[in-house]
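Spelled out from the first residue to the last, the chains are:
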Amino acid sequence: MIQAQSMLRDLTEKALQELFQLSGPEPVFQKTRKEFEGDFTLVTFPYVKPARKSPDAVATAIGEYLAAHSKYVSGFNVVKGFLNIALHDAYWLEFLTHAGAMPHFGIKEEGTSGRTIMLEYSSPNTNKPLHLGHVRNNLLGYSVATILKANGHKVIKANLVNDRGIHICKSMLAWQKFGAGETPSSSNMKGDHLVGKYYVAFDKAYKSEVKQLIEKGLTEEEAKKQAPLMLEAQEMLRKWEAGDAAVRELWKTMNGWVYEGFSITYRHLGVNFDVMYYESNTYLLGKELVQEGLKKGVFYKKENGSIAIDLTAEGLDEKIVLRSDGTSVYITQDLGTAIERFHEFKELNQLIYTVGNEQDFHFKVLFSILSKLGYSWATECYHLSYGMVELPEGKMKSREGTVVDADDLLAEMQATAEATTKELGKVDGFNAEELEKLYQLIGLGALKYFILKVDPRKKMLFDPKESIDFNGHTGPFIQYTHARIKSVMRRAGTLQDTIDPTALSHAAERDLLRCIYEFPAVVEIAGATYNPADIANYVYELAKYYNRFYHECPIMKEERADVQRLRLAISELSARVIAEAMLLLGIEVPEKM
RNA sequence: GGCCUCGUAGUUCAAUGGAUAGAACGAAAGUUUCCUAAACUUUAAAUACAGGUUCGAUUCCUGUCGAGGCUACCA
């Protein structure tokens, strides 16, 4: 099967050489816009000046050359310097046969590229439940991992759990003080929510202490440092680091509650991990590295004894890598863990961190230091930086309880799916269990699509008052299109005596095929740019094309057997590409809905 | 203050420097004796502002205005 655009590109290069003695720039064919006649379009302006001809003359000459030299080119037209090339039906029929015969059209098998990538995502703190911001992280990380696999790479999904630190101690302390022995089972609360409750309780009590101290005449800064609760939390952290048995025991118990809660949320979200890391095991990494770097002269010791690196040449300022008391800062362990992973997985080519864009600066510094330390793979490290999810009133804050809780949101989506489905009343044959599964699939489809269709780099807005849509540019619309095709396929199952088509019968068939044809290229681009939104917007377009085709081209009622066969084959392939594409987003599609 | 993002219909999102800036929701109108109307077809509606580069700028550059983030011996 000849790939149309590369065929046209190669032939056009020859044409430029023969007609105008030009080499380069490389001709790129894009999809012809729908208001014009043709399949692929070449912009000829780059060749106008060197060829010393008018745009239309250049376009016409190339068009004639292509028509004469390729059996697939059926004709061309020129509009204001744009050369539109049309391909014969035979090409599209050949494509349909070819793609239809592939078990996973557009998807490469994992491991065939020879590249191994570790993708870290999720990385929650164990002091509070997951909220909508974490949901974006999880869905993005999972989807990018799946897309990278579809590009043939081997992917190791990693989760680095932030299970230690002052924030954990705050929850622990508040539970000790105000909890009265409450447990997830005694309160009938999900473990992560219970722990989160005490994190909020700490903040509330702490704020009132600060307020009182300020009233006694302290400055705000002094009050924040001297509040008894904060001092206690810091003391607890010291005890934790010293291995105090009671503190460690409480820490284990409460983290255990959180993990039980997280595993439920992860299961609902449909995300998973190949390796788990815990900061309590890794937070000391990197210290020796600092000594090495000091010897190499990459780092230097400051007067007060702390160790730093000068990155002012790169516009990144001076950065402390070890405190004067010899303890680690955050970047110390990040340096250590990065190196550790390349030791642990010898075949590793790339390390991707799925972390919000508020840490852009941190990762620039991290990669720069790794590079200065002489690690060749430093250039392969990538910060998959995504924008915050904002509410109409601004950023979400766990401490202040102004968050959209992940579990609540999932439950709400499922309830909406249930209500909508019941209202439409199209699921007679389903039993209770199947219905439950369908509601979950649709609710989750709506949520995942809503989040993944937005360019990850951009911040996005979520208004809890306006529920996520199920009509229009949404997951359920695409799921519905799939179910609709499957319904036709079930009816067609009984058909016999079909004839192979020799031509297309309708413009909608051609449009749809050309859209399907794009799929492998879209998967490549999405992989290269780590962008699930490319897939999401593509599959929406595909569903739109299918629905148009569906309305304009009858299938079961079509009398000509060859045309019917053609339309069934296109439908079958459409359904498969929709399902594959949605899977790349972590979204399942139903047979019926 | 310095650095980094970002300003597109009423709203939420699209647009490798290319043709008349696409969708969806919302608004207005239509399609069901017809394969699933969670669909399809119409209409109205937008590039913050001012310069510059270019055959061509939403896209690149500069400035103004506006929004967010970062700027810890926190994580």
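Residues numbered from 1 in each chain as written. Chains lettered and ligands numbered in written order. Predicted model: local features only at pLDDT ≥ 70, side-chain atom pairs only at ≥ 80, totals over all residues. Heavy atoms only, no water.

1. A word on the protein's contact with RNA strand B
At step 1: The environment of RNA strand B is made up of 63 residues, and the closest members are Asn 304, Arg 323, Lys 426, Tyr 480 and Tyr 550.
At step 2: Sugar and phosphate atoms form 62% of the subset of RNA strand B atoms that lie within 4 Å of the protein.
At step 3: A distance of 3.2 Å separates a base nitrogen of RNA strand B from a polar backbone atom of Cys 553.
At step 4: Elements supplying a minimum of two residues to the surface near RNA strand B: strand E2 (40–43), helix H2 (45–51), strand E4 (82–87), helix H15 (360–372), helix H16 (406–424), strand E14 (460–461), helix H18 (475–492) and helix H21 (532–552). (Near = heavy atom within 4 Å. Polar contact = N/O pair within 3.5 Å; in protein donor to acceptor, adjacent residues only side chain to side chain. Helix = DSSP H or I, 4+ residues; strand = E, 2+ residues; numbered from the N terminus.)

2. As for H16
Count 3.6 residues to each turn of an α-helix, and residues three or four apart come out pointing the same way.
At step 1: Taking 1.5 Å per residue as the helical rise, H16 with its 19 residues ought to reach 27 Å, and the 27 Å between its terminal C-alpha atoms agrees with that figure.
At step 2: Residues of H16 that are buried include every one of Ala 406, Asp 407, Leu 409, Leu 410, Met 413, Gln 414, Ala 417 and Thr 421, and no others. Taken down its axis, H16 places every buried residue within 165° of arc, on the same side. Exposed residues on H16 whose side chains face more than 90 degrees from its buried face are Asp 408, Lys 422 and Glu 423.
At step 3: The secondary structure elements touched by the buried residues of H16 are helix H5 (132–150), helix H8 (191–215), helix H11 (245–269) and helix H17 (432–452).
At step 4: N-cap assignment for H16: the residue whose side-chain oxygen lies 3.0 Å from the backbone N of Asp 407 is Asp 405. (Expected span 1.5 Å × (residues − 1). Buried < 20%, exposed > 50% of the residue type's maximum accessible area, 1.4 Å probe, protein only. Arc of directions from axis to C-beta. Contact = heavy atoms within 4.5 Å.)

3. With respect to the sheet that holds strand E5 (residues 116–120)
At step 1: Taken in spatial order, the 5 strands make up an open sheet running E7-E6-E5-E11-E12, and their pairing is parallel. For this open sheet the edge positions go to strand E7 (275–278) and strand E12 (381–386), each flanked by a neighbour on one side alone. Taken over all neighbouring pairs, the strand axes of this sheet differ in orientation by 25° on average, direction set aside.
At step 2: In this sheet, strand E11 (residues 350–356) lies alongside E5 in parallel orientation, the contact comprising 4 bridges. (Pairing = 2+ DSSP bridges. Axes fitted to C-alpha atoms, helices over the stretch in contact; angles between N-to-C directions.)

4. A few points about the confidence of the model for chain A
At step 1: Mean pLDDT for chain A: 94, with 99% of residues reaching 70 or above.
At step 2: Averaged over each element, pLDDT in chain A is lowest for helix H9 (residues 220–226) (86) and highest for E5 (98). (pLDDT = per-residue confidence, 0-100.)

5. A few points about the sheet that holds E4
At step 1: Pairing within the open sheet is antiparallel, and its 4 strands lie in the order E1-E2-E4-E3. Either end of the sheet is taken by a strand with one partner, and the two such strands are strand E1 (29–31) and strand E3 (73–79). Recorded for the sheet is a direction-independent mean angle of 30° between the axes of neighbouring strands.
At step 2: Both E2 and E4 contribute to a ladder of 4 bridges, which runs antiparallel. Paired with Thr 41 across the two strands is Asn 84, which belongs to E4.

6. Notes on the nonpolar core
At step 1: Formed by 151 residues in total, the largest nonpolar core has its most connected members in Leu 66, Leu 87, Trp 92, Leu 132, Ile 478 and Ile 535.
At step 2: If you tally residues by element for this core, the top one is H17, at 11 residues.
At step 3: Setting aside residues up to four positions removed in sequence, Trp 92 forms contacts with Asp 39, Phe 40, Leu 87, Leu 504, Arg 510, Leu 513, Arg 514 and Tyr 517.
At step 4: Of all hydrophobic cores here, the second largest spans 36 residues; its members include Ile 307, Ile 309, Leu 366 and Phe 367. (Core = buried A, V, L, I, M, F, W, Y, C linked by side-chain atoms within 4.5 Å.)

7. Some remarks on unusual backbone geometry
At step 1: Positive phi values are uncommon outside glycine, yet Arg 52 reaches one of about 55°.
At step 2: Looking at the secondary structure, you find Arg 52 in the loop between H2 and helix H3 (55–69).
At step 3: Residue classification places Arg 52 among the exposed positions, given a relative accessible area of 76%.

8. Quick look at the domain arrangement of chain A
At step 1: With domains assigned, chain A is organised as domain 1 (4–87), domain 2 (165–282) and domain 3 (419–584).
At step 2: Distance between the C-alpha centres of domain 1 and domain 3: 33 Å.
At step 3: Facing the 8 residues of domain 1 at the interface are 5 residues of domain 3.
At step 4: Where domain 1 abuts domain 3, roughly 690 Å² becomes buried across the two surfaces, and 35% of that area is made up of carbon and sulfur atoms.
At step 5: The tally of links between domain 1 and domain 3 comes to 3 salt bridges.
At step 6: The residue Arg 510 makes a salt bridge to Asp 39 at a minimum N-O spacing of 2.7 Å.
At step 7: Class assignment for the residues of the side of domain 1 that touches domain 3 results in 3 nonpolar, 3 polar and 2 charged. (Domains from an automatic or database assignment. Buried area = accessible area lost by both parts, 1.4 Å probe. Salt bridge = Lys/Arg side-chain N within 4 Å of Asp/Glu carboxyl O. Nonpolar A, V, L, I, M, F, W, Y, C, P; charged D, E, K, R; others polar.)

9. Regarding the pairing of E12
At step 1: Along E12, 5 of the 6 residues are buried, which leaves the element largely enclosed by surrounding structure.
At step 2: With 6 bridges connecting them, E11 and E12 associate as parallel partners. When the bridges of E12 are listed, Val 355 appears paired with Ser 385.
At step 3: In this view, the connection linking E11 to its parallel neighbour E12 by way of H15 has right-handed handedness. (Right-handed = clockwise from strand over helix to strand, strands pointing away.)

10. Some details on the packing of H5 against H17
At step 1: With their axes 10 Å apart at the nearest point, H5 and H17 run at an angle of 85° to one another. On the basis of the axis angle, H5 is roughly perpendicular to H17. Of H17, the residues touching H5 (which contributes Leu 132, Val 135, Arg 136, Leu 139, Leu 140 and Ser 143) are Leu 447, Lys 448, Ile 451 and Leu 452.
At step 2: Looking at side-chain class alone, the contact of H5 with H17 contains 7 nonpolar, 1 polar and 2 charged residues. (Parallel < 35°, antiparallel > 145°, perpendicular 65-115°, else oblique.)

11. Details of the side chain of Thr 265
At step 1: Within the element layout of this structure, Thr 265 appears in helix H11.
At step 2: We classify Thr 265 as buried; its relative accessible area is 0%.
At step 3: A polar contact of 2.8 Å, which involves the side chain of Thr 265, links it to the side chain of Lys 190.
At step 4: Side-chain polar atoms of Thr 265 contact the side chain of Asp 407, separated by 2.8 Å.

12. Some remarks on the side chain of Ser 70
At step 1: For Ser 70, the location among the structural elements is in the loop between H3 and E3.
At step 2: For Ser 70, a relative accessible area of 8% corresponds to the buried category.
At step 3: Of note is the side chain of Ser 70, whose polar atom sits 3.1 Å from the backbone nitrogen of Tyr 72.
At step 4: When sequence neighbours within four positions are dropped, the list of residues in contact with Ser 70 reads Met 7 and Leu 11.

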